Amino acid sequence: MPREFKLPDVGEGVAEGEIVSWLVAEGDTVSEDQPVAEVETDKAVVEVPSPVNGTVRTLHFDAGDVVPVGDVIVTFDVDGDAPDEATEDEADEPEAATESASKSATEKASTRTFAPPSVRRLARELDVDLDSVEGTGPSGRVTEGDVRAAAESDTTEPQEEPPEEVQSAVEPVGEQAADHTESGEPSGTPAGGREPAGREKTLAAPATRGLAEELGVDIDDVPATEERDGEAFVTAEDVQAYAEGGTAAQGDTEAAAPDREFAEGGETTQPYRGVRRSIGEQMAESKYTAPHVTHHDTAVIDDLVATREKLKARAAEQDVKLTYLPFVMKAVVAGLKEYPILNSELREAEEEIALKQDYNVGVAVATDHGLMVPVVKHVDQKSILEIAAEVNELAAKARDRSISREEMQGGTFTITNFGAVGGEYATPIINYPETAILGLGGIDERPVAEDGEVRAAKTLPLSLSIDHRVIDGAEAARFTNYVMERLTDPELLLLE
Amino acid sequence: MVVGDVSTGTDVAVVGGGPGGYVAAIRAAQLGLDATLVEMDAYGGTCLNYGCIPSKAMITATDVAHDAGNAEEMGVYADPDVEFGEMVAWKDGVVDQLTGGVEKLCKANGVNLMEGRAEFAGGDKLRVVHGGEGQGSETIEYEHCIVATGSRPIEVPGFEFDDDPVLDSRQALAMDDLPDSIVVVGAGYIGMEISTVLAKLGVDVTVVEMLDEALAGYPDDLTQPVKQRAESLGIDFEFGLAADHWEAAGDGIVVAAENEDGETREFETEKVLVAVGREPVTDTLNLDAVGLEPNDDGRLDTDEQARTDVENVFAIGDVAPGPMLAHKASKEGEVAAEVAAGEPAALDYQAVPAAVFTDPEIATVGLTEDEASEEGFEPAVGTFPFRASGRALTTGDSEGFVRVVADEDSGFLLGAQIVGPEASELVAELGLAIEMGATLEDVAATIHTHPTLAESTMEAAEHALGHAIHTLNR
């Protein structure tokens, strides 16, 4: 008995996911809850579990494909008798989607969706999954309007493009094992493809408009071959030609700007999706929303180096690798308690600044697949050793992508340790909607002038970026001084 | 390739010109595809030529005579003379008119008609062998093939249809003269319909059924009025007997049947009709060549687009899974043709109605109360007896009832069962209601013409809601 498994909603508001890798192959036997695929959304990478015991009949996508939520990704042959509808439905939902799972569990067992035949046909035409449409008709019957609304919301969702066209458009990219596309010509525009015209107004016969809708083409984008009364007039042939040659281009419109020029040697492209795009959007939102000011200073940390050296061996006895980071985190939390404005969030709409009572410190970790920020919760309540152990664990999880979304949420302040790679000062971008971020430069011997003499001292360069709407420059400086004092004289941390 | 073998190409090749196949071919042609319909016998298939249509003609003609002769309580005294040969000729005329109409419709829609028996020849090709000696064959190369070969009566060992006194349903509807007596093997809908016709024409009918009930598969309260009426027409029922063999005896024959314990009963009769069911026809198709094989039921498995396991081969009607019903075949034919044309069609119907043209008629659509419970609904049930229907009383036939089944919470209609006059017509409204996702309230609030039998559906819906006017509420 075959059983189709659709890509579940793996997280709130996630409309699509990239299949990073298949963990099973066609013909494999799987048991219920066994992970079958790694799927990357713009939030995280999750493992999608099998809803059934059985064998894998068909994998409908290749690794690298971006799949809209609700598309069938695997067909299973289910062992024995098919479970009844209710258990199937529950099994459909991964743990992440607890809300909808509990909803379907409380509903009665029958899963029939009531809708007239004309509405069912419309749903197929518009590629709407009828069972997922909430009916507004009598007793919850699904109406034509419901289906049209569902189709609209699908296409207006900013991160979601029309599923079929997109798949064909991204396939060439997704198939590249190395995530790179060789290209002497633009990858997004197919041979003979046409650029969207993007008119505001288009004249066309109703049947032509119908055709455009059927083909998933925006009629305003179709290049017109005729004019009537000075307006562009699009014919059915135009639509057909555009749909055939141009759907791929249309699907990629946002990425492929018209008239793009290429360097002589060509170029390679990488996908701007998933974690990469998520980082990009975060950065842009932060930088464009919060006026950043970065305060620089340098802590002399000879004593901290000695202290850490002494404690390192003790920590190693407990299998914990002790770095400087837990000391810095402790010092930062001391500073945040003294200057709570740096542990805050600006809520513009509510006209208020929230001062956080939790001291949850995010630690930016560079991974192969991009920047991730695991969060150590309640740093104020943990010992340096505990913090060290937790940071190590979270960083390892981030690197092997097993970190959960929860473990990356709830931060109130972030530390970024760019100095691990090298360099002294930087201008970190705040992990919005937090209001401050502390960047650590490389710890090294540097000349320090003291009492009229220059000596070589271990120093730690600090770069504190603040949201200047909330935090004044003086506060930033005072906070930095307070933190530096505790890094220079780590005994003070004993008072924390 | 043999001499005289011609090859043609077509977008859609439809194998079988019954109510599934000809509908598929016409729809495909309407959608701009080049459609070729291959039929080896008669356009219209079993339904139009040998099944639904001729049997309904005979049922109606018989009823006219029977009702006229049994209307004393209305003050009508008559003893109609039936010229059986003329009745059969009239029936044949109806069939000719209809099948001719199908052929014309196909041509008018641009369907290429081809006579012969088609089999798969591999590589998206069909070989069509023309009837008769030396007629040769030709090859059709298709983009899509729709298999609509239908079904044929199941033969019971010991009763070969080729033998003179042994009839299948097709032969029973084409007899030249009425026999004095007949044994009908099988009390399914075909056996019951023909038994009723023959009994009304004065034939001594004995029904021999292996199971212990007539019309097995239908709820008891639907079949009971039919069985009682049949008995009052003089039909003898012999249940729990499996027909074993026949032998000549004097002017007629003796049919021997065995019960579970191996005891034999013998029935003297003139003819024997074997109507124990129908089996799908796939053995003429050379399925191997296209890489298909029938499932355990002898059918071709299909998906919700009527596709078989081979991407461009569809199966519809009796060779596809589901009830063997002409209207279900037609719907599948439409869907297969639309899918072949690239349209987003699907077999997404909620319910397939079914009718038995016995006296009284039985019709069902959708779920029974038990089936609704099994599907997880909490069923609300309403009934309306025809004896409370003014119109039923005025027809002189007020046997039976209408029953509706709905979901208690939402009121959505899920099914209906009807036994009684015009049940086959009445069920259409409820089928529409179910497909539309109508509620009990919708049906109850719709004004129905008075005085009609159709009011009964409205009353049944009101009964389910607890406020029927013309019957006591539950």
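Rules and cut-offs
- Residues numbered from 1 in each chain as written.
- Chains lettered and ligands numbered in written order.
- Predicted model: local features only at pLDDT ≥ 70, side-chain atom pairs only at ≥ 80, totals over all residues.
- Helix = DSSP H or I, 4+ residues; strand = E, 2+ residues; numbered from the N terminus.
- Buried ≥ 20, exposed ≤ 12 C-beta atoms within 10 Å, placed from the backbone.
- Contact = placed C-beta atoms within 7 Å.
- pLDDT = per-residue confidence, 0-100.
- Pairing = 2+ DSSP bridges.
- Core = buried A, V, L, I, M, F, W, Y, C linked by C-beta atoms within 7 Å.
- Axes fitted to C-alpha atoms, helices over the stretch in contact; angles between N-to-C directions.
- Parallel < 35°, antiparallel > 145°, perpendicular 65-115°, else oblique.
- Left-handed = near helix turned anticlockwise from the far one by under 90°.
- Nonpolar A, V, L, I, M, F, W, Y, C, P; charged D, E, K, R; others polar.
- Expected span 1.5 Å × (residues − 1).

1. Quick word on the overall build of chain A
In terms of helices and strands, chain A carries twelve helices and 23 strands. By residue count, 34% of the 496 residues in chain A fall in the buried class. Taking the intrachain contacts of chain A between residues at least 6 apart in sequence as the baseline, contacts between residues at least 24 apart amount to 64%.

2. Concerning the overall build of chain B
Along the backbone of chain B there are 13 helices and 22 strands. The buried share of chain B, reckoned over its 474 residues, is 49%. Expressed as a percentage of contacts within chain B between residues at least 6 apart in sequence, the contacts between residues at least 24 apart total 64%.

3. Focus on the environment of T99 of chain B
Residue and element names in this part refer to chain B. Here T99 shows up in helix α4 (residues 84-108). Overall, T99 belongs to the partly exposed group, with 19 C-beta atoms counted inside 10 Å. Taking the C-alpha atoms as reference, T99 lies 6.6 Å from L48; in sequence the two are 51 residues apart. With residues near it in sequence (within four places) discarded, T99 still touches A42, Y43, G44, L48 and N49.

4. Section: the confidence of the model for chain B
Low pLDDT means the predicted atomic positions in that stretch should not be read closely. Averaged over chain B, the pLDDT score is 94; the fraction of residues at 70 or greater is 98%. At the level of chain-chain contacts, confidence expressed as ipTM amounts to 0.79, with global pTM at 0.57.

5. Quick word on unusual backbone geometry
P433 of chain A follows Y432 of chain A through a cis peptide bond whose omega is 5°. With respect to the secondary-structure elements, P433 of chain A resides in the loop between β20 (413-416) and β21 (436-440). The linkage connecting H450 of chain B with the following residue, P451 of chain B, adopts the cis geometry, with an omega of -5°. The residue P451 of chain B is located in the loop between α12 (440-445) and α13 (455-465) in this model.

6. Quick notes on the sheet that holds strand β1 (residues 2-6) of chain A
Residue and element names in this part refer to chain A. If you trace the four strands from one edge of the open sheet to the other, you get β1-β8-β6-β3, paired in antiparallel fashion. In this open sheet, the two strands that pair with only one neighbour each are β1 and β3 (29-30). The pairing of β3 with strand β6 (residues 54-59) spans two bridges and is antiparallel. Within the sheet, the bridge partner assigned to V30 lies in β6 and is G54.

7. Overview of the environment of L211 of chain A
Residue and element names in this part refer to chain A. For L211, the position within the fold is in helix α6 (residues 206-214). Sequence separation between L211 and A243 is 32 residues; the distance between their C-alpha atoms is 10.0 Å. Setting aside residues no more than four positions away along its own chain, L211 makes contact with A236 and V239.

8. Considerations on the nonpolar core
Core analysis: the biggest nonpolar cluster contains 147 residues, and V14, A25, I146, V147, V272 and L413 of chain B have the highest contact counts within it. Residues in contact with V147 of chain B, not counting those within four places in the same chain, are V15, L285, L300, V313, F314, A315 and V319 of chain B. Grouped together as the second largest cluster of nonpolar side chains are 71 residues, A331, L336, L394 and F479 of chain A included.

9. Thoughts on the packing of helix α10 (residues 325-338) of chain A against helix α12 (residues 473-488) of chain A
Residue and element names in this part refer to chain A. Two elements in contact, α10 and α12, have axes whose closest approach is 9 Å; the angle formed by their N-to-C orientations is 140°. Comparing their axes, α12 and α10 come out oblique. Like other packed secondary-structure pairs, α10 and α12 cross with a definite hand, here right-handed. Here α10 contributes F327, V328, A331, V332, A334, G335 and E338 to the contact with α12, which in turn contributes F479, Y482, V483, R486 and L487. Split by residue class, the contact of α10 with α12 holds nine nonpolar, one polar and two charged.

10. Regarding the interface of chain A and chain B
On the chain B side, the residues contacting the 16 residues of chain A number 13 residues. When residues of the side of chain A that touches chain B are traced back to their parent elements, those giving at least two are α1 (85-92) and α3 (117-125) of chain A. In terms of residue count, the dominant contributor to the side of chain A that touches chain B is α3 of chain A (four residues). Looking at the side of chain A that touches chain B residue by residue, the class counts come to seven nonpolar, three polar and six charged.

11. Some remarks on the environment of R57 of chain A
All names here are of chain A. With respect to the helices and strands, the residue R57 is situated in strand β6. Taking the C-alpha atoms as reference points, R57 and D77, separated by 20 residues in sequence, lie 6.0 Å from one another. Residues within four places of R57 in sequence aside, it is in contact with P2, E26, T75, F76 and D77.

12. Focus on the packing of α10 of chain A against helix α11 (residues 384-399) of chain A
All names here are of chain A. It is at 9 Å that the axes of α10 and α11 come closest, and there the two elements cross at 120°. At the point where α10 passes α11, the crossing takes the right-handed sense. Of the residues in α11, those in contact with L325, P326, F327, M329 and K330 of α10 are I384, I387, A388 and V391. A breakdown of the residues in the contact of α10 with α11 according to their chemical character gives eight nonpolar, no polar and one charged.

13. Some remarks on the confidence of the model for chain A
Mean pLDDT for chain A: 79, with 79% of residues reaching 70 or above. Counting interchain partners and residues more than four positions distant, the pLDDT-below-50 stretch residues 247-258 of chain A has 31 contacts.

14. Some thoughts on the sheet that holds strand β10 (residues 203-204) of chain A
All names here are of chain A. As summarised here, the arrangement of the three strands in space is β10-β12-β11, forming an open sheet in which the pairing is mixed. Two strands lie at the open edges of the sheet, namely β10 and β11 (226-228), each paired on one side alone. Bridging between β11 and strand β12 (residues 231-234) involves three bridges; their strand directions are antiparallel. Across the sheet, the residue bridging to E227 is A232, located in β12.

15. Remarks on helix α1 (residues 21-30) of chain B
All names here are of chain B. In terms of burial, α1 is largely enclosed, as nine of its ten residues are buried. Within α1 the residues assigned to the buried category are G21, Y22, V23, A24, A25, I26, R27, A28 and A29. Immediately downstream of α1, the backbone of G32 shows phi near 85°, a positive value.

16. Focus: the pairing of strand β15 (residues 271-274) of chain B
All names here are of chain B. Burial along β15 is two-sided: the face carrying K271 and L273 and the face carrying V272 and V274 are both buried. Pairing of strand β8 (residues 166-167) with β15 involves two bridges; the strand directions are parallel. Among the inter-strand pairings, V166 is bridged to a residue of β15, identified as V272. Two elements, strand β9 (residues 181-185) and β15, share four bridges in a ladder whose sense is parallel. The residue of β15 that forms the bridge with V185 is V274.

17. Overview of helix α6 (residues 189-200) of chain B
Its twelve residues give α6 of chain B an end-to-end C-alpha distance of 17 Å, which sits within 8% of 16 Å, the value for a rise of 1.5 Å per residue. Just past α6 of chain B, the residue G202 of chain B takes up positive phi, approximately 95°.

18. Here's the deal with the pairing of strand β22 (residues 444-450) of chain A
All names here are of chain A. Little of β22 sits inside the fold, with zero of its seven residues counted as buried. Across seven bridges, β22 lies against strand β23 (residues 453-467) in antiparallel orientation. From the neighbouring strand, A449 faces β23, where its bridge partner is V454. With antiparallel pairing between neighbouring strands as the criterion, β22 and β23 make up a hairpin whose turn holds two residues, including D451 at a positive phi of roughly 50°.

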